[in-house]
Amino acid sequence: MKKSNLKKQARKKSKLNPLAVAAGAIVGVGVTVAGAVAMSDKKNQKKVKEMADKIKKRF
């Protein structure tokens, strides 16, 4: 193939699907909101801290 054809193919492959990007953004916002709600409770904060400490000790 010619170099120009390779460049065109590379550009086509590198483009992201706008629908996939939007879906990823929506999922990211949902996870962030769920995390914020979960961390608003003192009991959940304590559980997360204990789990993080266990993971730190393990590695």
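Quick caveat: nothing in here was measured; it's all calculated off a predicted structure.

Rules and cut-offs
Counting from 1, residues in each chain are numbered in the order their sequence is written. It should be noted that, the model being predicted, local features are given only for residues of pLDDT at least 70 and side-chain atom pairs only at 80 or more, the latter also being counted only at that level, while totals for whole chains, interfaces and linings use all residues. Side-chain metrics in this entry use all non-hydrogen atoms of the structure; hydrogen atoms and water are not considered. What pLDDT expresses is the predictor's confidence in each residue, scored from 0 to 100. By definition, any uninterrupted DSSP run of H or I lasting at least four residues is a helix, any uninterrupted run of E lasting at least two residues is a strand, and each is numbered from the N terminus. Surface patches are drawn from residues lacking salt bridges whose relative accessible area is over 30%; two like charges belong together within 9 Å, two nonpolar side chains (Val, Leu, Ile, Met, Phe, Trp, Tyr) within 5 Å. Each accessible area value is a Shrake-Rupley result obtained with a 1.4 Å probe; residue values ignore everything except the protein chains displayed when judging cover. Any Lys or Arg side-chain nitrogen located within 4 Å of an Asp or Glu carboxyl oxygen qualifies as a salt bridge. The buried label goes to any residue with under 20% of its type's maximum accessible area, the exposed label to any with over 50%, and the partly exposed label to all in between, with areas taken from a 1.4 Å probe on protein chains only.

**Student:** Sorry if this is basic, but what is going on with the confidence of the model for the protein here?
**Tutor:** Atomic detail in the predicted coordinates should be set aside for any region of low pLDDT. Predicted confidence across the protein gives a mean pLDDT of 79, with 73% of residues reaching 70 or more. Per-element confidence in the protein ranges from a low mean pLDDT of 62 for helix 1 (residues 3–14) to a high of 87 for helix 3 (residues 42–58).

**Student:** Looking at this structure, how should I read a nonpolar patch on the surface?
**Tutor:** A cluster of nonpolar side chains, V29, V33 and V37, forms an exposed patch at the surface whose accessible area comes to about 280 Å². Within the secondary structure layout, V29 lies in helix 2 (residues 18–39). You can call V29 exposed: its relative accessible area is 52%.

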